[in-house]
Amino acid sequence: MSDGITITAKFDWRPAKALMRKLSGPKLHQALSAAVNDSAQQVERQSERLVARSLSIPVKRAKLGIWLNPYSTAKTLTAVVRGSGSLIPLKAFSAKESGDGVVATIWGSKVHHPGAFIFGGSDTDHTKELGIGGHVFTRLGKSRLPIKRARGAAIAEAMAKDAVSDANETYGAARLQANVLRQLTRYASTKKAASKRKS
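No experiment lies behind these values; they were computed from the predicted model shown. (Residues numbered from 1 in each chain as written. Predicted model: local features only at pLDDT ≥ 70, side-chain atom pairs only at ≥ 80, totals over all residues. Heavy atoms only, no water.)

## Details of the overall build of the protein chain
Link 1 in the chain: Scanning the protein chain from N- to C-terminus turns up six helices and eleven strands.
Link 2 in the chain: Sequence separation of at least 24 residues holds for 60% of the intrachain contacts in the protein chain that already meet a minimum separation of 6.
Link 3 in the chain: Surface exposure of the protein chain reaches about 11,600 Å², of which carbon and sulfur atoms provide 53%. (Helix = DSSP H or I, 4+ residues; strand = E, 2+ residues; numbered from the N terminus. Contact = heavy atoms within 4.5 Å. Areas by Shrake-Rupley, 256 points an atom, 1.4 Å probe, with all protein chains shown as cover.)

## Some words on the sheet that holds strand β2 (residues 66–68)
Link 1 in the chain: Ordered by their spatial adjacency, three strands build an open sheet running β1-β3-β2, and the pairing between neighbours is antiparallel. If you trace the sheet from one side to the other, it starts and ends with β1 (5–8) and β2, each paired once. Here the strands of the sheet are splayed against their neighbours by 15 degrees on average, with no regard to which way each runs.
Link 2 in the chain: Examined bridge by bridge, β1 and strand β3 (residues 78–83) share four bridges and lie antiparallel to one another. Paired with Thr8 across the strands is Thr78, a residue of β3. (Pairing = 2+ DSSP bridges. Axes fitted to C-alpha atoms, helices over the stretch in contact; angles between N-to-C directions.)

## Considerations on the pattern of salt bridges
Link 1 in the chain: If you walk through the whole model with that rule in mind, you get one salt bridge.
Link 2 in the chain: Between Arg182 and Asp38 there is a salt bridge, and its shortest N-O distance comes to 2.6 Å. Within this pair, whereas Arg182 is found in helix α6 (residues 162–198), its partner Asp38 is found in helix α2 (residues 25–55), the two being separated by 144 residues in sequence. (Salt bridge = Lys/Arg side-chain N within 4 Å of Asp/Glu carboxyl O.)

## Examining the sheet that holds strand β8 (residues 117–119)
Link 1 in the chain: Ordered by their spatial adjacency, three strands build an open sheet running β8-β9-β10, and the pairing between neighbours is antiparallel. Two strands close off the open sheet at either side, each with one partner strand: β8 and β10 (147–149). The sheet shows a mean angle of 45 degrees between the axes of neighbouring strands, taken without regard to direction.
Link 2 in the chain: Both β8 and strand β9 (residues 135–139) contribute to a ladder of three bridges, which runs antiparallel. Each residue of the ladder has a partner; that of Phe117, found in β9, is Phe137.

## As for the nonpolar core
Link 1 in the chain: Core analysis: the biggest nonpolar cluster contains 47 residues, and Val51, Leu55, Phe93 and Leu184 have the highest contact counts within it.
Link 2 in the chain: Of all the elements in the fold, those that place two or more residues in this core are β1, α1 (14–21), α2, β2, β3, β6 (101–106), α5 (155–160) and α6.
Link 3 in the chain: In terms of residue count, α2 provides more of this core than any other element does, eleven residues in total.
Link 4 in the chain: Beyond its immediate sequence surroundings of up to four residues, Leu55 is in contact with Ile88, Phe93, Thr105, Ile106, Trp107, Ala153, Ala154, Ile155 and Ala158. (Core = buried A, V, L, I, M, F, W, Y, C linked by side-chain atoms within 4.5 Å. Buried < 20%, exposed > 50% of the residue type's maximum accessible area, 1.4 Å probe, protein only.)

## Concerning α1
Link 1 in the chain: Buried within α1 we find Ala16, Leu19 and Met20. Buried residues of α1, seen end-on, are gathered within an arc of 105 degrees and therefore sit on one face of the element. Facing away from the buried side of α1 by over 90 degrees, the exposed positions are Arg14 and Arg21. (Arc of directions from axis to C-beta.)

## Structural notes on the confidence of the model for the protein chain
Link 1 in the chain: Confidence along the protein chain averages 87 in pLDDT terms, with 87% of residues attaining 70 or more.
Link 2 in the chain: This model gives residues 121–130 a pLDDT under 50, and the stretch forms eight contacts once residues within four places in sequence are excluded. (pLDDT = per-residue confidence, 0-100.)

## A word on the packing of aromatic side chains
Link 1 in the chain: Following the criterion strictly, the structure yields one aromatic pair and no others.
Link 2 in the chain: Ring centres of Phe117 and Phe137 lie 6.2 Å apart, and the angle between their planes is 25 degrees; this geometry places the pair in the stacked category. With a gap of 20 residues between them, Phe117 in strand β8 and Phe137 in strand β9 connect regions that are remote in the sequence. Of the two residues examined, Phe117 and Phe137, each falls in the buried class. (Phe/Tyr/Trp six-rings, centres within 6.5 Å; stacked < 30°, edge-to-face > 60°.)

## Some points on the pairing of strand β7 (residues 109–114)
Link 1 in the chain: Here β6 runs beside β7; their pairing, made up of six bridges, is antiparallel. Along β7, the bridge assignment pairs Gly101 with Pro114.
Link 2 in the chain: In this structure, the hairpin formed by β6 and β7 is closed by a connection of two residues, where Trp107 is found at a positive phi of approximately 55 degrees.

## Some thoughts on the side chain of Ser165
Link 1 in the chain: Along the chain, the position of Ser165 falls in helix α6.
Link 2 in the chain: Looking at Ser165, the relative accessible area reads 12%, which means it is buried.
Link 3 in the chain: Among residues more than four places away in sequence, those in contact with Ser165 are Met159 and Ala160.

Below, the structure is given as structure tokens:
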């Protein structure tokens, strides 16, 4: 499984070489680092949408499990978009009680969980206080207790799937090229304006 989507600035990209020559070492690295972080944040947002669609969960739930770590610095010029490997509670997969169990939608398909049940609801005060309202549980044996919270899939699983990872890599490469040119132009124009003020 992939450890995340890595975005790294490169010095051998031909369209940007002319702009790179206009900047000194520190400024060049700052511009490239800013471009990497801009690109990583854009990939992070796209990942939230792609993962939500792939796993069949709300985008706001996917957002909780996707983050940047580490951010790019002028030294590293690399940022990584990561996804949580923890299994998401089944509650997030549009879980509903049905017959002798619970039906949830995972990976775009409805899955039946025999014997599972939903404990409490949004209007049940005591379950709100316990923080378990609306969650899906399964019994570990034939008796009523003990029970275990049921879970679905992990965000890292979705991010590692070819359809999601390929789309993110293609999008990340395109955004990095655009952001490198934008940041190099920005830093070069700032340097030019500073030189004019000094003269």
